[in-house]
Structures are given as structure tokens and as C-alpha cells.
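So the chains spell out like this:
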Amino acid sequence: MGPSTQPAETATRPLINYRNDAGVAVIELNDPPANTYSYEMNRQLDEAILAARMDNDVHVIVLTGAGEKFFCAGANIQMLAKVDPTYKYYFCLHANETLLRLENTPKLVIAALNGHCVGGGLEVALAADLRLARQDAGKIGLPEVTLGVLPGTGGTQRLSRVLGKSKAIELMVTGRTFSFEEAKQYGLVNEILERENFLQHVMEYARQFCPPNKASKAVGRIKRSVQTGWEVSLEAGLALERENQQLLFESEDAKEGLAAYVEKRPAKFKGK
């Protein structure tokens, strides 16, 4: 076995904070000041995504950054400058797989942009289903072209799927960063929430998709149908939709929702 190209990292240091807060899993990128990600952070992120996926008491996932200034500034450039091309390739491959795992999980994922969300940070946020931004808290964009590279953790693919080809190319080749308010105009950000007590507002927003307010399995299967069906033919997408619908027809929440409608009363969902 040849020598490893992996740089020395402090594997025991928590680079991801994880907690289940009343049905909402909060995954926090934790490497101040800019919450840049390394291979070790992505491994911990991967574990947190799996923990949220496997926990039946988690209905929604919120992804955010530690501190006040950055959601995430992308990959750790100092780390990338030290490693060889083979390491860089496998680092990007693992990052792709981690974000696909987030995208494939049939639970709603909300990226809470508490600060600057640039480069790979935006690529992480693009793998979420919804993006909520803190008012006047930072810039957003994919400026990788200024480093002589491209957005290599899904940016070229996901940004074009969200904004369309021409606008995505424009933003990436100019490398321009812009305000959350401008991002909302493009549809890149769904909502802008008050600066004060931002995470509290995010949690209130997220809980509308949790029981008893919503049938969280239905929310998750809507997400799964769209995320997977987006890439396939209409006929295959309709088949996927039918399969997800059948899973929901067999759920307790579907029985409750239909009964509540007939009985003219508010439904009380259990997420089962």
C-alpha cells in the first residue's frame, strides 16, 4: 500500500455540530471564522446526514453555519494548495457523494444562510431544497473563475438547474458576488428573514413542515419526487410519483388527512 496523500487533520475535532430540536435536525458547519470545508468536515457532515435520515423523529433538516459572518466560504483553499491532484479529485468526489446523499434523503432540507455563502458554500446550499437568508448578512455567488478554476462541487450543474443555463453561466463566468436580496429576485433564495434571532425564525419556518402541522412524510416524498424526477423522462417521473404516492396512501397520516377532510376538522398529523 502506497503512502496516503491525505493531509494531517484533527479527526477528533468537531467540525459539525448536530442536534435534534423537536423534530428538526440542525446540522451546523463549525470551523470559524469562515466554516470552510475539508475532507474531515465532509466526513462528519456525511455522518450527520445519515443520522438525520435514519432518525424517525427527525422530520426536517436545517443546515447552517456557526458564528455570525459566514454560512460557508467553500473548500479550505490552504488545504487544497498543499495536496496533490489525486487527493483533490477524491476530495471532490466525496463532496459530490455527500451532497447527493443530502439531496436524495426524503426529508425537507433547508439551508439557513446566516452569513456569506460563496463558492463551495453556495454549492452546499444548492443541494438543499429551500434556502432562507438572513437579512443584510452577506454576499452569495460562485467566484471560482477568479482562482482559475470552476465551481467543482456541483455548482455548474445545480445553479443552471435552478436559474437556467444563460443566467447561471453569466454569474459563474463573471465571478460576481451579490446580495441575498438580489438572489431572491433570481429565485436562488426563497425567503429573507429578520437579522435578529435569525435561527429562531428559521426554526419557526421549519416547524410548519413537522407534525402535527403537516404530514412530514408527504413533504419528504414531494421533495424526493421532484429531486429525482427532474432528471428523468416524464414517463419515468410519473412512475416515480405513483410509487411515492402509494407509499403515502399506506401511511397513517394519509388516513388522518382524508378523514379530517370528510369530517370537516383540522388534521392532526403524526409523521407516520
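Our structure is the block above this text.
Reference entry: report on the structure contained in this document. Note that the structure is predicted; figures quoted are calculated from it, not measured.

1. Points about the packing of aromatic side chains
Then, in step 1: The final tally for this structure, using the stated rule, is five aromatic pairs.
Then, in step 2: Taking the centre distance of 5.7 Å and the plane angle of 65 degrees together, the rings of Y205 and F209 count as edge-to-face.

2. Overview of the sheet that holds strand β4 (residues 70–72)
Then, in step 1: A sheet is described by the order of its strands in space; here four strands give the open sequence β4-β6-β8-β9, paired in mixed fashion. Edge positions in the sheet fall to β4 and β9 (177–179), since each of these pairs with one other strand and no more. Across the sheet, the mean angle from the axis of one strand to that of its neighbour is 30 degrees, orientation sign disregarded.

3. What to know about the pattern of salt bridges
Then, in step 1: The full count for this structure, using the stated rule, is eleven salt bridges.
Then, in step 2: The partner of K223 in a salt bridge is D129, with the nearest N and O atoms 2.8 Å apart. Here K223 is found in helix α9 (residues 216–229), whereas its partner D129 is found in the loop between α4 (120–126) and β7 (130–134), with 94 residues between them in sequence.
Then, in step 3: With a relative accessible area of 5%, K223 lands in the buried category.

4. A few points about the packing of helix α5 (residues 155–163) against helix α6 (residues 165–174)
Then, in step 1: Closest axis-to-axis distance for the α5/α6 pair is 7 Å, and the angle between their directions is 130 degrees. The pairing of α5 with α6 is recorded here as oblique in orientation. As for the relative orientation of α5 and α6, their crossing is right-handed in sense. Contact residues: α5 offers G155, T156, L159, S160 and L163, while α6 offers K165, K167, A168, L171 and M172.
Then, in step 2: Split into classes, the residues belonging to the contact of α5 with α6 amount to five nonpolar, three polar and two charged.

5. Considering the sheet that holds strand β3 (residues 60–65)
Then, in step 1: With mixed pairing, six strands are arranged side by side in an open sheet as β1-β2-β3-β5-β7-β10. Two strands bound the open sheet, and with one partner strand each, they are β1 (16–21) and β10 (191–193). Strand-to-strand twist of the sheet, defined as the mean angle between neighbouring strand axes without regard to direction, takes the value 20 degrees.
Then, in step 2: With six bridges connecting them, β1 and strand β2 (residues 24–29) associate as antiparallel partners.

6. Here's the deal with the nonpolar core
Then, in step 1: In terms of nonpolar packing, the biggest core is built from 47 residues, with L113, I140 and L188 touching the most fellow members.
Then, in step 2: Setting aside its immediate chain neighbours within four residues, L188 contacts L122, L126, R131, I140, L159, V162, L163, F178 and A183.
Then, in step 3: L193, Y205, C210 and V219 belong to the second largest nonpolar core, which has 18 residues in total.

Reading guide: rules and limits
- Residues numbered from 1 in each chain as written.
- Predicted model: local features only at pLDDT ≥ 70, side-chain atom pairs only at ≥ 80, totals over all residues.
- Heavy atoms only, no water.
- Phe/Tyr/Trp six-rings, centres within 6.5 Å; stacked < 30°, edge-to-face > 60°.
- Pairing = 2+ DSSP bridges.
- Helix = DSSP H or I, 4+ residues; strand = E, 2+ residues; numbered from the N terminus.
- Axes fitted to C-alpha atoms, helices over the stretch in contact; angles between N-to-C directions.
- Salt bridge = Lys/Arg side-chain N within 4 Å of Asp/Glu carboxyl O.
- Buried < 20%, exposed > 50% of the residue type's maximum accessible area, 1.4 Å probe, protein only.
- Parallel < 35°, antiparallel > 145°, perpendicular 65-115°, else oblique.
- Left-handed = near helix turned anticlockwise from the far one by under 90°.
- Contact = heavy atoms within 4.5 Å.
- Nonpolar A, V, L, I, M, F, W, Y, C, P; charged D, E, K, R; others polar.
- Core = buried A, V, L, I, M, F, W, Y, C linked by side-chain atoms within 4.5 Å.

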